[in-house]
Amino acid sequence: MMTTRTTTTAIQPQFLQRMSPRAFVPEALSTAQIEQLVDAARWAPSASNKQPWHFAYALRGDANWEAFSQIPNEFNRRWCLNAGALIVLVSDTEASPGKHSFDAGCAWGYLALQAHAMGLATHAMGGFSAEEASKVLGLPAHLVPEIVIAVGQRADASTLPDDLREREVPTDRKPLAEVLSAGALKNA
Ligand SMILES: Cc1cc2nc3c(=O)[nH]c(=O)nc-3n(C[C@H](O)[C@H](O)[C@H](O)COP(=O)(O)O)c2cc1C
């Protein structure tokens, strides 16, 4: 099991240090923190600069928290309800047909790294009810919920149930050579 991530080139440490934990300190984030996170995300590049994204959030315990808590699936609800905030990232299919998800993904990456720089942890979830998200957020058909993001202060892994605690370790990546080709892919 890997405990510390290492790599072979001199990349910025943030790329190795950021990870997606499930143990969060159950304290609400502030609106100012959410604004800072989304400010970073909105500077992501997008096709024709269409910026086909929107971020809807609930702070732990606020008026929207209970409704947002219903959006993640059962597995994710086991841990994400300790987070300081839940953010639903929505993309606009009409603003950028064919590229809305790609661009929203880049914005998520920016948000995750900004959170890391602020000493916060993020964990994206694809496991959620799109129907519930659409209902809670009142989304028209052209706006699709892409992910739910749990964000907050990281807690000690000991706060997790046994099965989740075992998984609270840094993930590895495929070797660089496996995802990089000079010219055509050899074994596609
Ligand atoms: C689009 C997307 C969907 C994900 N869905 C879930 C999820 O539903 N539940 C979960 O526990 N983790 C989820 N993850 C977290 C990934 O499993 C995690 O990012 C991946 O294993 C790499 O680990 P790291 O983020 O710690 O580097 C998701 C991540 C992404 C980007």
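Everything numeric here is computed off the predicted structure, so don't read it as measured data.

Enquirer: Would you mind going over helix α5 (residues 100-117) in detail, with residue names and values included?
Expert: With 18 residues, α5 should cover 26 Å at 1.5 Å per step; its first-to-last C-alpha distance of 26 Å lies within 8% of that length. By the burial criterion, the buried members of α5 are H100, D103, A104, A107, W108, L111, A112 and A115. Of the surrounding elements, those touching the buried residues of α5 are α2 (31-41), β1 (53-59), β2 (85-92), β3 (121-125) and β4 (143-152).

Enquirer: An account of the packing of aromatic side chains is requested, with residue identities and associated values reported.
Expert: Scanning all chains against the criterion turns up one aromatic pair. Aromatic side chains F24 and W79 sit 6.4 Å apart centroid to centroid with 20° between the ring planes, which places their arrangement in the stacked category. Remark: W79 occurs in helix α4 (residues 74-80) and F24 occurs in the loop between α1 (13-17) and α2; sequence separation between them is 55 residues. Looking at W79, the relative accessible area reads 2%, which means it is buried.

Enquirer: Kindly report on unusual backbone geometry, identifying the contributing residues and their values.
Expert: Unlike most non-glycine residues, S48 shows phi in positive territory, near 55°. Within the secondary structure, S48 is located in the loop between α2 and β1. Given the relative accessible area of 68%, S48 is considered exposed. At N49, a position not held by glycine, the phi torsion is positive, near 55°. Positionally, N49 belongs in the loop between α2 and β1.

Enquirer: Would you mind going over the site of the ligand in detail, with residue names and values included?
Expert: Around the ligand, 17 residues are found, and the nearest of them are R5, S20, R22, H123 and G126. The side chain of R5 places a nitrogen or oxygen atom 2.7 Å from an oxygen atom of the ligand. A distance of 2.8 Å separates a nitrogen atom of the ligand from a polar side-chain atom of N76. Relative to its free-state accessible area of 620 Å², the ligand is covered by the protein chains to the extent of 65%. Elements supplying a minimum of two residues to the shell around the ligand: α4 and β3.

Enquirer: I'd love a proper account of the packing of α2 against α5, names of residues and values included.
Expert: Across the interface, α2 lies against α5 with an axial gap of 7 Å and an inter-helix angle of 135°. Regarding the angle of α2 to α5, the classification is oblique. Considering the relative orientation of α2 and α5, their crossing is right-handed. Where α2 approaches α5, its residues Q36, L37, V38, A40 and A41 are matched on the opposing element by A107, Y110, L111, Q114 and A115.

Cut-offs used in this document
- Residues numbered from 1 in each chain as written.
- Predicted model: local features only at pLDDT ≥ 70, side-chain atom pairs only at ≥ 80, totals over all residues.
- Heavy atoms only, no water.
- Helix = DSSP H or I, 4+ residues; strand = E, 2+ residues; numbered from the N terminus.
- Expected span 1.5 Å × (residues − 1).
- Buried < 20%, exposed > 50% of the residue type's maximum accessible area, 1.4 Å probe, protein only.
- Contact = heavy atoms within 4.5 Å.
- Phe/Tyr/Trp six-rings, centres within 6.5 Å; stacked < 30°, edge-to-face > 60°.
- Near = heavy atom within 4 Å.
- Polar contact = N/O pair within 3.5 Å; in protein donor to acceptor, adjacent residues only side chain to side chain.
- Areas by Shrake-Rupley, 256 points an atom, 1.4 Å probe, with all protein chains shown as cover.
- Axes fitted to C-alpha atoms, helices over the stretch in contact; angles between N-to-C directions.
- Parallel < 35°, antiparallel > 145°, perpendicular 65-115°, else oblique.
- Left-handed = near helix turned anticlockwise from the far one by under 90°.

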